[in-house]
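Letter by letter, the chains look like this.
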Amino acid sequence: MPEHSLRTIAVALGGGGARGLAHIAVIEALDDLGIKPAVIAGTSMGAIIGAAWAAGMSGREIRAYVLALTRDRTKMMRGFMKARVGRFVDVLGGKFTNPVMVDGEKLLDIFWPRIVPDRFDQLQIPFVAVATDYYARSTVTFDHGSLAPAVAASMAIPGLVRAIQLEGRVLYDGGITDPLPHRHLMGKGHFVIAVDVTGGPVDRGGLPPSAFAALLGASQILQGALSQEILNATPPDLLLRPAVDHFRLLDFVRVTEILAAAEPVKEEVKRAVKIFTSSP
């Protein structure tokens with residue numbers, strides 16, 4: 001944004017698992033315009049990418065990091081195994097445990113870029129991570145203190161990522177109560193952009209999903225409906241929905257396809273932001 005302009009942009013990055021990689025295209029578009037947001041809010045995957053952005057990484061740097069990370073699938077799987085909470089041997093021994101559940105903080109420690117600092121106040125751009133207080137059944141936001149526990153809470157998908165206990169709360173995925181966190185940016189920027197990747201209707205030929213896919217898919221349907229209710233009540237200045245609906249929550253092996261599908265959103269961002277920055 002030109003230095004003479006006092007108008008600011010705030011950006012909310014929503015949750016949607018692998019579809020959240022589409023946020024990278026939005027960041028790249030703003031980078032091309034020379035714009036840094038005044039504040040970023042993120043839920044789940046939006047919190048993971050948002051924190052990297054707030055730490056000073058450009059969209060292209062985040063893209064390169066993600067592509068390099070996912071290119072080595074052996075290393076990636078080794079990282080997931082290292083972050084596991086449960087063990088297959090426990091299941092065989094009759095213990096009630098989930099052998100695929102991972103520790104979110106360990107996962108971030110293994111996979112996050114080293115540029116991401118330990119604390120919110122060390123970030124270059126103010127950042128808000130959104131999680132869900134399980135017992136209070138309400139949204140919780142974090143913008144100070146330790147960064148990793150807050151982001152780990154924001155991404156703690158029930159059944160897949162272990163809950164985070166923080167500040168006397170039991171915390172899960174922010175998408176449960178606030179999949180598109182733009183409301184937390186109202187009044188913090190003159191122009192609020194919300195990037196929704198909860199996903200819309202898809203055609204899979206009428207084939208029924210597996211039990212596991214149905215469980216995750218049902219959660220995404222609920223989050224999409226909640227997101228729409230929030231949008232109806234409090235619309236942002238610019239709502240972006242990259243064309244990534246047909247990707248699944250855990251389609252991280254399809255990174256290149258997701259990024260390609262998100263490319264068209266760049267022009268939408270540039271058109272809208274140019275109008276905003278040129279308005280008197």
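Structure: see above.
All of these numbers come straight from a predicted model, not from anything done at the bench.

A.B. asks: So what's going on with the packing of helix α2 (residues 45-54) against helix α7 (residues 147-154)? Residues and values would help.
C.D. replies: For the pair α2 and α7, the least separation of the axes is 7 Å and the interaxial angle reads 150°. In terms of orientation, α2 lies roughly antiparallel with respect to α7. Crossing angle aside, the handedness with which α2 passes α7 is right-handed. Facing A47, I48 and A51 of α2, the residues of α7 in contact are L147, V151 and S154. When grouped by side-chain class, the residues that make up the contact of α2 with α7 number five nonpolar, one polar and no charged.

A.B. asks: Lay out the pairing of strand β4 (residues 138-142) in plain terms, naming residues and giving numbers.
C.D. replies: Sheet topology places strand β3 (residues 127-133) next to β4; five bridges connect them, and they run antiparallel. Across the sheet, the residue bridging to A129 is F142, located in β4. The hairpin turn running from β3 into β4, its antiparallel successor, is four residues long, and R137 in that turn takes a positive phi close to 55°.

A.B. asks: An account of the packing of aromatic side chains is requested, with residue identities and associated values reported.
C.D. replies: One pass over the structure, following the stated rule, counts five aromatic pairs. Seen in terms of ring centroids, F80 and F111 are 5.3 Å apart; in terms of plane orientation they differ by 50°. Their pairing is tilted. Remark: F111 occurs in helix α6 (residues 104-111) and F80 occurs in helix α4 (residues 73-82); sequence separation between them is 31 residues. Ring centres of Y134 and Y135 lie 5.0 Å apart, and the angle between their planes is 85°; on these two criteria the pair is classed as edge-to-face. Residue Y134 is classed as partly exposed on the basis of its relative accessible area of 47%. Following the ring pairs from residue to residue traces out a cluster consisting of Y134, Y135 and Y172.

Cut-offs applied
Residues numbered from 1 in each chain as written. Predicted model: local features only at pLDDT ≥ 70, side-chain atom pairs only at ≥ 80, totals over all residues. Heavy atoms only, no water. Axes fitted to C-alpha atoms, helices over the stretch in contact; angles between N-to-C directions. Helix = DSSP H or I, 4+ residues; strand = E, 2+ residues; numbered from the N terminus. Parallel < 35°, antiparallel > 145°, perpendicular 65-115°, else oblique. Left-handed = near helix turned anticlockwise from the far one by under 90°. Contact = heavy atoms within 4.5 Å. Nonpolar A, V, L, I, M, F, W, Y, C, P; charged D, E, K, R; others polar. Pairing = 2+ DSSP bridges. Phe/Tyr/Trp six-rings, centres within 6.5 Å; stacked < 30°, edge-to-face > 60°. Buried < 20%, exposed > 50% of the residue type's maximum accessible area, 1.4 Å probe, protein only.

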